[in-house]
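Chain by chain, the residues run as shown.
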Amino acid sequence: MAERRLLVLFGSQTGTAQDTAERIGREAKRRHLWCRVEALDSCDVANLIHEPLVVFVCSTTGQGDPPDNMKMFWRFLFRKNLPAGSLCQLDYAVLGLGDSSYPKFNFVAKKLHKRLLQLGGNPLLPVALGDDQHDLGPDAVVDPWLVGLWDKILALYPLPPGLEIISPDMRLPPRYTLHYLPEDSPHPDSDLLQPAVPQAAPCQLHPFAAHMVSNQRVTAQSHFQDVRLIEFDIAGSGITFSAGDVVMIQPQNCPEDVQQFCQLLRLEPHRHFVLEPTEPGTSLPPLLPQPCTIHYLVTHYLDISCVPRRSFFELLASFSMNELEREKLQEFSSAQGQEELYSYCNRPRRTTLEVMWDFPHTTCAIPADYLLDLIPRIRPRAFSIASSMLAHPERMQILVAVVRYRTRLSKPRRGLCSTWLASLSPEQGDVRVPLWVKKGGMKFPDDSATPVIMIGPGTGVAPFRAAIQERVALGHKGNCLFFGCRHKSKDFYCQTEWEELVTKGLLTLFTAFSRDQEEKVYVQHRIRENGRLVWELLSSGNAHVYLAG
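Residues numbered from 1 in each chain as written. Predicted model: local features only at pLDDT ≥ 70, side-chain atom pairs only at ≥ 80, totals over all residues. Heavy atoms only, no water.

As annotated in an unreviewed UniProt entry, the protein chain carries the name NDOR1 oxidoreductase and is attributed to Anthoscopus minutus. Under the heading Subcellular location (unreviewed entry), UniProt records this for the protein chain: "Cytoplasm". (UniProt positions renumbered as here; feature names shortened; annotations may be inferred.)

(A) Spotlight on the overall build of the protein chain. Of the regular secondary structure elements, the protein chain holds 17 helices and 21 strands. The C-alpha atoms of the protein chain give 26 Å as radius of gyration, which agrees with the globular expectation for 549 residues (24 Å, within 12%). Projected onto the principal axes, the alpha-carbon positions of the protein chain cover approximately 85 × 60 × 50 Å. Per-residue burial for the protein chain yields a buried fraction of 49% across its 549 residues. Of the roughly 26,900 Å² that the protein chain leaves accessible, carbon and sulfur atoms contribute 53%. Distance between charge centroids for the protein chain: 5 Å, based on 57 positive and 60 negative side chains. (Helix = DSSP H or I, 4+ residues; strand = E, 2+ residues; numbered from the N terminus. Rg over C-alpha atoms; globule rule 2.2 N^0.38 Å. Buried < 20%, exposed > 50% of the residue type's maximum accessible area, 1.4 Å probe, protein only. Areas by Shrake-Rupley, 256 points an atom, 1.4 Å probe, with all protein chains shown as cover. Lys, Arg positive; Asp, Glu negative; His and termini not counted. Charge placed at Lys NZ, Arg CZ, Asp CG, Glu CD.)

(B) Highlighting the UniProt feature "domain: FAD-binding FR-type" (unreviewed entry) in the protein chain. The feature "domain: FAD-binding FR-type" (unreviewed entry), as given by UniProt, occupies residues 205–445 in the numbering adopted here. What you have in residues 205–445 is 29% helix and 21% strand, and the ends, taken at the C-alpha atoms, are 32 Å apart.

(C) Fine view of the domain arrangement of the protein chain. In terms of domain boundaries, the protein chain breaks down into domain 1 (5–156), domain 2 (208–250 + 380–438), domain 3 (255–374) and domain 4 (452–547). A separation of 35 Å is found between the C-alpha centroids of domain 1 and domain 2. (Domains from an automatic or database assignment.)

(D) Here's a closer look at the sheet that holds strand 11 (residues 272–277). If you walk across this open sheet you meet the 3 strands as 7-11-12, and the pairing is antiparallel. In this open sheet, the two edge strands, each paired with only one partner strand, are strand 7 (176–180) and strand 12 (292–293). Relative to strand 12, strand 11 runs antiparallel, the two being bridged by 2 bridges. For Phe273, the partnering residue across the bridge sits in strand 12 and is Cys292. (Pairing = 2+ DSSP bridges.)

(E) Region of the structure containing the nonpolar core. Residues Phe261, Leu297, Leu302, Phe313, Met356, Leu371 and Leu374 are the most contacted members of the largest nonpolar core, which totals 42 residues. Contacts of Met356, omitting those with residues within four sequence positions, involve Phe261, Leu264, Leu265, Phe312, Thr363, Ile366, Leu374 and Ile375. (Core = buried A, V, L, I, M, F, W, Y, C linked by side-chain atoms within 4.5 Å. Contact = heavy atoms within 4.5 Å.)

Structure representation (structure tokens):
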């Protein structure tokens, strides 16, 4: 009998594709298939020729681009020298997650499906195109497609004699078992983020603990928005970057939320534990020390401030001993309950912690072993670098708008990373922030004669500050910036810096202060007013145009 094994590979930017891939993994276990779920770039692509059955789940980002964790796979798969029949033994299915309001809707899934066909793969089903714009979200496509997928897979790999599909009412074992260590056992202090000298350039698995040098508010106190110019010392990190590059920052939960979470689940923050995979071959979560404290796990790893997904309610319902709470949780995790879940959770941006408050009887029954199945890890946040190494060696600056807005919930919604960064005060001691750098999508011209037109309203000006600093240091002329904000006196970021460069003849600056007069004025009005200059730069100067929001 053929080996009943399935590989589920995902390319995910925001976690939706990963969540769906893990759902397929759980459903495979219910059908007694041996199943691995991995990010596409974590898998050795060359081994695909040995895989009999693979389901690909991938989202599309930006202008039809693959997510970051499948970029290496993408490059490999489209190599010209791959033989036409190299995947002839592969049965596969592709599930795409996208948004039909974008022109390149599900471009990655469509292109992947086509390429696997070219390489000789056998599709089990037509490519599925989940759409965020649908009233029920991507699940409107995903749910029926999965029914068809399991029919096909079970026809190829029938259940072994005597086994039945495990009922959805039966809870699957957790991925890890959490073993508490005796209170008196010796353990290293794992809560300290060591500013260790990295062996190679810092990356997600090995971030650099950068020292925060300054955290300065650059908007007037009377302005509704708090925007910070934050500077880090990156000496000795091995980090290099150019204008247009992006810094990834790993945030953490605020102490109040951590305390509430531990109280709700009756967890002892300072207890140490080790994790043990339930199945052989499962790797331990990266970035989680062993042994670890509950406090560290909840502060640095579990995303208790994210808006929970359908899978969260499904697993939570399985712990519930309270009939009322269980019925509501089951409704939220059913296909029919998706509209109600959207208005309860997504529309008001209700957090995981707040949902747990709403289901107290169920929450206190959550076994600690299931925490890593229930709550996703905190994802890093990306910020455009707002300085140049040529102007500020061994330093890095970012411009951060602190995210705060209201929904129908009484408590204002806050951005996890921006709120955490704004709360840090370098004056109060050694403040460290885990970070690493990624190549950005913007590349500025090397030729000093090529002019550059930059349009950067608000904090969108950040990458252009880096570019202008870099180009001025290299002696490049032709720097033209269109900047827009609400008020000249309240949120004109880096005003003095721009005005000095204008005085020296190194920058042409056009500003639009939308609320400083009766008639609202935006950057597009200034571009139209200066249309002749813009056209001259484009037509005779071959200028490059950059836009950031």
